[in-house]
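Each chain, written out:
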Amino acid sequence: MSDGTHTVDVRGLTKVFGAGEGAVEALRGVDLQVARGEFVAVMGPSGSGKSTLLYLIGALDAPTAGTVSIDGVDLSRMDDNRLALLRRQRIGFVFQAFNLLDVLTAEENVSLPLVIDGVPEAEAARRAAESLGLVGMSGRRHHLPGQLSGGEQQRLAIARALVTRPLLLLADEPTGNLDSASSDQIMRLLCRLAEEHGQTILMVTHDARWAAAANRVIRLRDGRVADEQTLPPARAYPQVVRELESQL
Amino acid sequence: MRSAVARRIAERSTKLSFKHALLGLLAEGPLHGYELKTAYETELVPAGNLNFGQVYTTLERLNRDGLVSFEKVNQAERPDKKVYKLTSHGRRELKDWLTRPSTIDLDQRNSTFLKLMLARRLGGVDLMGVLAAERRACFERLHEVTRAKAQAQQAGAPVQSVLLLDLAVLTLEAFLKWLDRCEAALKQETDK
Amino acid sequence: MSPSRLPTLWRYSLRQTQRRPARAVLTLLGIVIGVATIVAVSVTTQAARRAYREMFEALTGRASLEVVAEAMAGFEADQAEELAALPLVKAAVGLIQKPAALVGPSGPIPVTVLGIDPARDRAARDYELHQGRFIGEDPGVLLGQEFASTHGIALGGTVRLLTISGLVEAPVVGLLQPSGAARFHGGAVVFMALSQAQRHFDLEGKVNSVQLVLADGADIGQAEAAVRRRLSVGQTVGVPSERGQLAQDALLNIEQILAVLSVVSMVAGAFVILNAFQMNLGERRRQFAILRALGASRRQVTHLLLREAAVHGVAGTALGIAAGMAISLSLTRGMERLLGTAVPSPALTLEPLALAILLGPAMTLLATFGPARRAGRRAPIDDLLGKTPPAGTKMPRRWAVTGLALIAACGLIDLAFIRGWLTPALGRLLLPAAMVLVLAGSVLALGVVLGPLMRLVGAILGPLFGIEGRLAVRQLRRHASRTALTVGALMVAIVITIGPGNEIKSALNNLHAWFDNVAGANFHIQGADTDLGFSVSIVSLPESLGHELAQLDGAQRVDRINWFPVRAGGRPALLIAATYSPDRPEQLNPAQDNPPGVMERLALGEVVIGTALAQSLQLDVGDKLELATSKGSIRLRIAGKCNQYHAGGMTVHMQREAAGKWFDLEGAHLFSITADKDKAPTLESELKAFCGQRGLLLHSREQLRQDMDRRSAGTIGFLWVLMALVFVVASLGIANTLTMNVLEQTRELGLLRAIGMRRGQVRKLVLAQASAIALAGAIPGALLGIVLAYMMNLPAEWLTGHRPPFQIHLWLLATALAVTVCIAVVAALVPADRAARLRIVPALHYE
């Protein structure tokens, strides 16, 4: 890192749900750093605490212990308003269930974070159109979410997450509700964002097939980091294809 | 350098029937030996790297079995060349082969299995460490083919390349899942 | 602005609202009902008050002060000249104002006769002639043009007037434009020359009013003081409109009921809004979570919701004002009938408008603020993942505690009331507040009692619905918060039906009992109908009629009754002087705690006063009552008290002969004839002939009673209609909640179907739920309704001076319960059908 600051810096993160005998420890002291421009996947079986980790990083929930810092700022020092501001301006969310507002058109959905941030409507619409172009959805800007396929809805959600040009894109099982062709498309989009735009991405998935797209994989098990693996830069695809064909 | 895993993938695939590949190429029209080699390399298996010997010995065997016939064509300043074409017997054989299901060849030989089983028996070896190393290696490979596939799709690569990459992705994914099973089962065993 | 030009968040709100139009309508109805009631009641009350005020203002024209003698007795006409000589007075005109009956083909019409000096009256009043000429010293009269055409009287025709000196015929010489004094008494005014009036009303050389026009820039207070020094005993000077005071006192009773009802309907409206809004929020939780995840702050979410509520509030208020005005049109007509006097068309003045503009959005925001705030404060994470945390299904304990505290506060206010710790002014303010407290408190506290309540309901419904009944109750208990909301809506509906309903019914019963006592005689003869305020249309009939009536065959006894406004202890009151008989004390409807011998003391010249007057003057039996008479102030001992509905109980009763010593009774206002046994039918035909000849108004007791019911029908009908309306809106709330219930249970119902429940069973399950909700709302609702009715009964003491015995009307309870259960079941029919027709597979995947 040039300035020594991580985009995400998680230390000793612990989260306990409930209290007393029924208490569930979702996270038990997780350390994690994500540098700017990294594409990191968090893997683990269900119940390993990976989604909890994502929501804590995204300031949607507060940890029981430990700290989350985004771009060097400790979230525990922020009040709810500043956390909202952080989510609004610096973080983009992509959910498994898309979470679009079904009465708003594609363009309105995408412009929503800007509107919430007080950007003038005209500029918000312009930037939303730009963002829709980035995910290849320009032709669908006046459609309602209900008129779009699952894959298209998720692309819409990604466009919405990107419209504020966030520091960090958080994706929670983005392909969880999609068929494999749409999933491929979404993953290609994420790879392209990471490679071409240097977008920092933290993605949670239980599926190795999608985690493998990232540059680094964190494996969670029982609320702890079980393994961490940085993946080497991939070779250009014709080389890989040739190698596979030679083995036929 | 080819990793053990990559080799394993090649080994695991159902054996290529070179004989039927040639029959298939001839089904579209008569070809001579060199043309056959080029067609094989461009249309079927781009990285095939055939040698002429292999082509000619196979063609002779096919001729002997009455599946192909040939006629000699005179060429100026060069040796005569044989132009091969499919006999009706050969056409029938090709059709039979295409419609007959291949015997799925489950080639289970792989060193990971062996390593795990040995590590399990031997004391003083970190079984989980072996497993983790195998997984990392597999994941690295999966990362490569996944990215390659994304690039290939993005660049509009031919469908046979993409499908081949898909086969690799899914095979690796299956292997990773199998490793998870191994981990769970072996952990349970050591915990006892 | 076209919808597409609206900011994105407004568009979001708009489309979200459009998606559930029924709910938006329900919210609007809640506001409309609250606002419309407030507006209608306020506007109508003002109109009625204005009716009395303007009546006297119209009469006085430019004059700012009026000199009258007590009980409108006559005094020397010369006094006008003396007063005109005062420096601050520009002009003083004497006149005679007397009620009379205009005998027309359809019976006598109460009118006011104004005897004016044709040469000088224009100093005080303007006359705009429509047709004909102005009056001179001849017997000709002037009529309002509108009044004349209504009653088929033409210029040049003859009017027959029933006065103290019998029937008088006079030609109509002119018709007036409806302005100035011609507007007095709803236009029922007959102008004649002063000299003529003096003759007809036996007031030779006298007037009974001198109206003073002050010099420009003269101070009214100084002028009043200067005039007062010149007055003789028994005369007063004042602002003319003050003469409507007695009528306004009589109105208080009705006003109080109307005010309480408007507060109650406001609360009910607020609850309907709360109910609809809660449903709305419950459904949209995930959307707010999304907004929060996208970076909306708590405030932004809360503001978004409050903005939606405010838009509803503003729209509902506008509609409510319009509806309120429409309602007040018919309510005013009802009041008109009740008061027996013309009430001007209702006008939207600043006060009701401000009240509506303030209260409409306020009640909406009040009902929505809490939920909107909570919606902003919810942790987005649970809603995003579609998980409802276990805490969400239970009502917060805080609510229950608050609810119990509110109920306790209400109990304290009630106690203070019963113990008499509160002044009437404070009590009048606190009592509606206490009613709101107990309503809101009970809804909040429902969470605590819901468990036992549902067990009770389960026990009742168990044998009826079997396994489906048990399942239904179990499901309702699991979603305690949602159930409480529906049960609360229903409870409020029942409370507002039973509470005011019980009171209206009680009041009607009391009124009838009073009537039967007071108007015990078989027949009653009057010059014309009387107005409730007894201020303007009291027609005097010659004493001689009484002797004639006594001669009729079958007439056992003839009572003479007079009434007129007086000042008792400085307050306006109604004096009723009658030939009370010691053996018929019920004529007075006496109070229970009277000492013995009241009737005897009455005969000796003591007075019996209405409990309301006693309360207002803080006087009791044995005290002396100060009465202003035209001969000066007198002090009479109070022999007893009585419960009266005349003039709101502000009455003074005297034996007629005793009253004659102090007041000029000039004939009788009413003859009550008691028939000999079995002779009533013959007497009736005789009386008919008798009255027909003389243009008198004859009522049998039954007719009078019907007349009374007819008069109150408009107002009472309004109360019932209003209650029914609130009930219907609350029922719509039930349909809304039940539909949501089924919607939210889609998955569970699908599961039940998947494991083999038949359609009929599902339908039965939903109907059982509806019945359970209905019962759970009805049981506490009925109890609370009785509490509310009791609270409404409390302030009656200040108005009437006695607390009418508290009655519970079981048929009302039973009807309300039956209607509630019916409504709940009917409201559940559609949702039940919907549930039964659920397609199983999609239902199982329903989120």
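## Brief notes about the overall build of chain C
Within chain C one finds 24 helices and 21 strands. Over its C-alpha atoms, taken along the principal directions, chain C stretches across nearly 100 × 65 × 50 Å. Expressed as a percentage of its 847 residues, the buried residues of chain C come to 52%. In chain C, once contacts between residues fewer than 6 apart in sequence are set aside, the share between residues at least 24 apart is 84%.

## Things to note about the overall build of chain A
Each helix and strand counted, chain A has eight helices and 10 strands in total. Since a compact globule built from 248 residues should have a radius of gyration of about 18 Å, the 19 Å found for chain A is in line with a globular shape. Projecting the C-alpha coordinates of chain A onto the three principal axes gives extents of approximately 55 × 50 × 40 Å. Put simply, of all contacts in chain A between residues at least 6 apart along the chain, 69% involve residues at least 24 apart.

## Some details on the interface of chain A and chain B
With 26 residues of chain A at the interface, the matching set in chain B holds 33 residues. Elements with a contribution of two residues or more to the side of chain A that touches chain B: helix 6 (180–197), helix 7 (208–211), strand 10 (224–230) and helix 8 (237–246) of chain A. With eight residues, the single largest contributor to the side of chain A that touches chain B is helix 8 of chain A. For the side of chain A that touches chain B, the residue count by class is 14 nonpolar, three polar and nine charged.

## Points about the sheet that holds strand 6 (residues 91–94) of chain A
All names here are of chain A. What the six strands build is an open sheet, ordered 6-7-8-3-9-10; its pairing is mixed. At either end of the open sheet lies a strand with only one pairing partner, and these are strand 6 and strand 10. On average, adjacent strands in this sheet sit at an angle of 15 degrees to one another, irrespective of strand direction. Where strand 3 (residues 39–43) lies against strand 8 (residues 200–205), five bridges are found, and the strand directions are parallel. Its bridge partner lying in strand 8, Phe39 is registered against Ile201. Across the sheet, helix 6 lies against strand 3, strand 7 (168–172) and strand 8, angled at about 150 degrees from strand 8, the strand it touches most.

## A few points about the confidence of the model for chain C
Residues and elements named next belong to chain C. For chain C, the mean per-residue pLDDT works out to 82, and 94% of the residues sit at or above 70. Note on residues 389–393: pLDDT is under 50 here. Beyond four places in sequence and across chains, it has six contacts. With pTM at 0.75, the complex prediction returns an ipTM value of 0.91.

## Thoughts on the packing of helix 2 (residues 21–60) of chain C against helix 19 (residues 701–744) of chain C
Residues and elements named next belong to chain C. Close contact between helix 2 and helix 19 brings their axes to 10 Å; oriented N to C, the two are set at 160 degrees. Relative to helix 19, helix 2 is oriented roughly antiparallel. Considering how the two elements wind past one another, helix 2 and helix 19 form a crossing that is left-handed. Where helix 2 abuts helix 19, its residues Arg23, Leu26, Leu29, Gly30, Ile33 and Thr37 lie against Leu722, Leu725, Val726, Val729, Leu732, Gly733 and Asn736. Residue composition of the contact of helix 2 with helix 19, by class: eight nonpolar, four polar and one charged.

## Remarks on unusual backbone geometry
Among all residues save glycine, negative phi is the norm, and among peptide bonds the norm is trans. Notably, Arg165 of chain A is not glycine yet its phi reads approximately 50 degrees, a positive angle. Residue classification places Arg165 of chain A among the exposed residues on the basis of 12 C-beta atoms within 10 Å. Look at Gln618 of chain C: it is not a glycine, yet its phi comes out positive at around 55 degrees. The class of Gln618 of chain C is exposed, set by 8 C-beta atoms lying within 10 Å.

## Some points on the arrangement of the chains
The structure contains two pairs of chains in contact, of which chains A and B account for the largest number of contacts. Of all C-alpha pairs spanning chain B and chain C, none lies closer than 27 Å, and the two are not in contact.

## Side note on the interface of chain A and chain C
Every contact between the two is made by 24 residues of chain A and, on the other side, 22 residues of chain C. Elements supplying a minimum of two residues to the side of chain A that touches chain C: helix 2 (80–90) and helix 3 (106–116) of chain A. Among the residues forming the side of chain A that touches chain C, the class breakdown is 13 nonpolar, four polar and seven charged.

## Things to note about the sheet that holds strand 3 (residues 78–86) of chain B
Two modes of strand pairing occur in sheets, parallel and antiparallel, and in both the strands are linked by backbone hydrogen bonds. Residue and element names in this part refer to chain B. Taking strand neighbours across the sheet as the criterion, the three strands line up as 1-3-2 in an open arrangement whose pairing is antiparallel. Two strands in the sheet have a free side with no partner beyond their single neighbour: strand 1 (31–32) and strand 2 (68–75). Where strand 1 and strand 3 come together, two bridges link them in antiparallel fashion. Across the sheet, residue Leu31 finds its bridge partner in strand 3, namely Tyr84. Lying over the sheet, helix 4 (residues 52–64) contacts strand 2 and strand 3, oriented at roughly 120 degrees with respect to strand 2.

## Concerning the environment of His200 of chain C
Residue and element names in this part refer to chain C. In this structure, His200 sits in helix 5 (residues 194–200). Assessed through the 21 C-beta atoms surrounding it within 10 Å, His200 is described here as buried. Sequence separation of His200 and Gly115 is 85 residues, and the distance between their C-alpha atoms is 10.0 Å. Once you skip the residues sitting within four places of it in the chain, His200 turns out to touch Thr163, Ser165 and Val168.

## Considerations on the pairing of strand 3 (residues 89–104) of chain C
A regular strand carries its side chains on alternate faces of the sheet. Residue and element names in this part refer to chain C. Judged by how many residues are buried, strand 3 sits mostly within the fold: 13 of 16 residues are covered. Relative to strand 11 (residues 209–214), strand 3 is paired through six bridges, and the arrangement is antiparallel. Along strand 11, the bridge assignment pairs Val89 with Leu214. When strand 3 meets strand 4 (residues 107–116), the two strands line up antiparallel, connected through nine bridges. Following the sheet pairing, Leu102 is matched in strand 4 by Ile109. Between the end of strand 3 and the start of strand 4, which pair antiparallel, lie two residues. Judged from the two bridges that link them, strand 3 and strand 7 (residues 158–163) form a sheet pairing that is antiparallel. Within strand 7, the position partnered with Ala101 by the bridge is Leu162.

## A closer look at the environment of Met654 of chain C
All names here are of chain C. Looking at the secondary structure, you find Met654 in strand 19 (residues 651–655). Separated by 16 residues in sequence, Met654 and Ile638 have C-alpha atoms that sit 10 Å apart. Excluding anything up to four places from it in sequence, Met654 contacts Leu575, Ala577, Val607 and Ala659.

## Things to note about the packing of helix 5 (residues 150–162) of chain A against helix 6 of chain A
All names here are of chain A. Between helix 5 and helix 6, whose axes approach to 9 Å, the crossing angle comes to 20 degrees. If you check the angle between helix 5 and helix 6, you find them roughly parallel. Classified by chirality, the crossing of helix 6 by helix 5 is right-handed. Contacts between helix 5 and helix 6 involve Gly150, Gly151, Gln154, Arg155 and Ile158 on the former and, on the latter, Ser182, Gln185, Ile186 and Leu189. Across the contact of helix 5 with helix 6, the residue classes break down as three nonpolar, five polar and one charged.

## Some thoughts on the environment of Leu101 of chain A
Relative to the assigned elements, Leu101 of chain A resides in the loop between strand 6 and helix 3. In this structure, the C-alpha to C-alpha distance between Leu101 of chain A and Leu112 of chain A, residues 11 residues apart in sequence, is 9.6 Å. Dropping the residues within four chain positions of it, Leu101 of chain A is found in contact with Asn109 of chain A together with Tyr12, Gln287 and Ile290 of chain C.

The rules behind the values
- Residues numbered from 1 in each chain as written.
- Chains lettered and ligands numbered in written order.
- Predicted model: local features only at pLDDT ≥ 70, side-chain atom pairs only at ≥ 80, totals over all residues.
- Helix = DSSP H or I, 4+ residues; strand = E, 2+ residues; numbered from the N terminus.
- Buried ≥ 20, exposed ≤ 12 C-beta atoms within 10 Å, placed from the backbone.
- Contact = placed C-beta atoms within 7 Å.
- Rg over C-alpha atoms; globule rule 2.2 N^0.38 Å.
- Nonpolar A, V, L, I, M, F, W, Y, C, P; charged D, E, K, R; others polar.
- Pairing = 2+ DSSP bridges.
- Axes fitted to C-alpha atoms, helices over the stretch in contact; angles between N-to-C directions.
- pLDDT = per-residue confidence, 0-100.
- Parallel < 35°, antiparallel > 145°, perpendicular 65-115°, else oblique.
- Left-handed = near helix turned anticlockwise from the far one by under 90°.

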